[in-house]
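A look at the structure
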Amino acid sequence: MLKPLTIAAVLALGAVPLATSAQQPKPAPTVDRNILHVQVLLDKLGFGPGVIDGKGGESLKAALRGFQESRGLPETGEADAATLRALHAYRSVRPTVTLELNERVLAGPYVNPIPKDYAEQAKLPALAYRTPIEKLAEMFHTTPATLVALNPADTKLAPGSKLVFPNALPSSRSYDDKLPQTFRATLNSLNVDARQPAGAKIVVDKSDGVLRVLDKSGKLVAQFSATMGSSSDPLPLGSWKVLGPAYNPEWKMNPKILKKVNDSKPVAIVPPGPNNPVGVVWIDLSKEHYGIHGTNEPQQIGRAESNGCIRLTNWDAARLALMVKAGTPALFQA
């Protein structure tokens, strides 16, 4: 395991420590506890705001609109009085939890640094987390910077230390034993709840930047912040179907179908792991070369372009994989 660092050292290294550094510590990011609590509740209820960071923004507004629609409330996108009353039913869910670190949760393997070149990535045994703080952040659906802000500067990232986390703990870890054991371990590590609503249809709204899951009656039962398409690889509008998931997938980097990659680059098979470009799940679609998948940059969901596919945080992609099955229709609309 990497040498234990304090939260202060993590902060000095820009929140994701990659090596030793002589940089001066940066100001600690601020976390609005009220916003954090709303994000935690929305995340638990299946209306993912992206990363839980105690900040506002378009992803939070979209998550609030989804929750409001599901509860028959005015869709204001704000944590208004009516919305807070509806969320008050879940007031027993606290915004944070304090947990003691142990060797298991801090265990690697870690790969640091991860080369940018896909051909070099293909030589690695896995695209694992870079550091313990990156792993801990993804486990609790947040960012390293948020963990830095929530904890005292002298807190060590070592067994026995107690850290404050956003309360992303699931209500159940009783995963379907038909799932591969390795993916059950991934679900557990990402604190994905085993209890998920059955999705009868996926709707991807480009204008809203969200992926919506409807049940068989057409009711909205889940919604996730998403990144979809770009000017060079636009979202393929139309009606498609889910073909099925690939759990902890490899990724075939084929420059001939990636417009932002030079065609002279060789094909590369990038190994599995949370830092794989498609994350921990690939949900294949009937549109060739397109899928719904995770990401190695959860903080960029809703803020960056993709290669035409629909990208979610790893934890949202994993729980979506529990909601849908082969044959589930997927409508992509502007």
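For the structure, see preceding data.
Small disclaimer: the values here were computed from a predicted structure and weren't measured. (Residues numbered from 1 in each chain as written. Predicted model: local features only at pLDDT ≥ 70, side-chain atom pairs only at ≥ 80, totals over all residues. Heavy atoms only, no water.)

Any aromatic ring pair is given by two values, namely how distant the centres are and how the planes are angled relative to each other. Using the criterion set out here, one finds four aromatic pairs in the structure. Between Tyr118 and Trp251, the ring centres sit 5.1 Å apart and the planes meet at 75°, which makes this aromatic pair edge-to-face. Of this pair, Tyr118 sits in helix H6 (residues 118-121) while Trp251 sits in strand E9 (residues 251-253), and the two are 133 residues apart along the sequence. Judged by relative accessible area, which is 13%, Trp251 ranks as buried. Measuring from ring centre to ring centre gives 4.2 Å for Phe183 and Tyr247, while their planes differ by 25°; the resulting arrangement is stacked. In this pair, Phe183 sits in helix H9 (residues 181-189) while Tyr247 sits in strand E8 (residues 238-247), placing the two residues 64 residues apart along the sequence. By relative accessible area, Tyr247 is classed as partly exposed at 26%. (Phe/Tyr/Trp six-rings, centres within 6.5 Å; stacked < 30°, edge-to-face > 60°. Helix = DSSP H or I, 4+ residues; strand = E, 2+ residues; numbered from the N terminus. Buried < 20%, exposed > 50% of the residue type's maximum accessible area, 1.4 Å probe, protein only.)

As for its position among the elements, Thr146 is in helix H8 (residues 144-150). For Thr146, the side chain forms a polar contact with the side chain of Thr142, separated by 3.4 Å. If we skip the residues at most four places from it in the chain, Thr146 touches Val31, Ile52 and Asp53. (Polar contact = N/O pair within 3.5 Å; in protein donor to acceptor, adjacent residues only side chain to side chain. Contact = heavy atoms within 4.5 Å.)

Bringing the sheet that holds strand E12 (residues 291-293) into the picture now. With mixed pairing, the ten strands of this open sheet are ordered in space as E1-E6-E5-E4-E14-E8-E11-E12-E13-E7. Edge positions in the open sheet fall to strand E1 (47-48) and strand E7 (227-228), since each of these has one partner strand only. Here helix H10 (residues 314-323) sits on the sheet and contacts E1, strand E4 (201-205), strand E5 (210-214), strand E6 (220-225), E8, strand E11 (281-285) and E12; the angle it forms with E11, its principal contact strand, is near 50°. (Pairing = 2+ DSSP bridges. Axes fitted to C-alpha atoms, helices over the stretch in contact; angles between N-to-C directions.)

Residue position: Leu157 is located in the loop between H8 and strand E3 (162-166). A sequence separation of 56 residues divides Leu157 from Leu101, and the C-alpha atoms of the two residues are 7.6 Å apart.

Counted under the stated rule, the structure contains seven salt bridges. Where Glu58 meets Lys61, a salt bridge forms, and the shortest distance between an N and an O atom there is 3.7 Å. One end of the pair is Glu58 and the other is Lys61, both in helix H3 (residues 58-70) and three residues apart, which spans about a single turn. Looking at Glu58, the relative accessible area reads 55%, which means it is exposed. With its nearest N and O atoms 2.7 Å apart, the salt bridge here joins Arg319 to Asp316. In this pair, Arg319 and Asp316 both sit in helix H10, three residues apart, roughly one turn of the helix. Each member of the pair, Arg319 together with Asp316, is buried. Three or more residues are tied together by salt bridges with common partners; here these are Asp43, Asp316 and Arg319. (Salt bridge = Lys/Arg side-chain N within 4 Å of Asp/Glu carboxyl O.)

Let's shift gears to the layout of surface pockets. Considering only enclosed or pocket space, the second largest pocket measures out at about 720 Å³ in volume. Every residue lining the second largest pocket is counted, 32 residues in all, and those nearest its centre are Tyr129, Lys135, Met139, Ala185 and Ser189. Of all the secondary-structure elements, those providing two or more residues to the lining of the second largest pocket are strand E2 (96-100), helix H5 (103-106), helix H7 (132-139) and H9. The element contributing the most residues to the lining of the second largest pocket is H9, with five residues. Grouping the amino acids of the lining of the second largest pocket by side-chain chemistry returns 19 nonpolar, nine polar and four charged. (1 Å grid on protein atoms, 1.4 Å probe; cavity = no way out; pocket = protein on both sides within 12 Å on 5 of 7 lines; lining within 4 Å. Points joined across faces, edges and corners; volume = space filled by probe spheres on them. Nonpolar A, V, L, I, M, F, W, Y, C, P; charged D, E, K, R; others polar.)

So, on to H10. Among the ten residues that make up H10, nine are buried, leaving the element largely enclosed by the rest of the structure. Every buried residue belonging to H10 is among Asn314, Trp315, Asp316, Ala317, Ala318, Arg319, Leu320, Ala321 and Met323, and all of these are buried.

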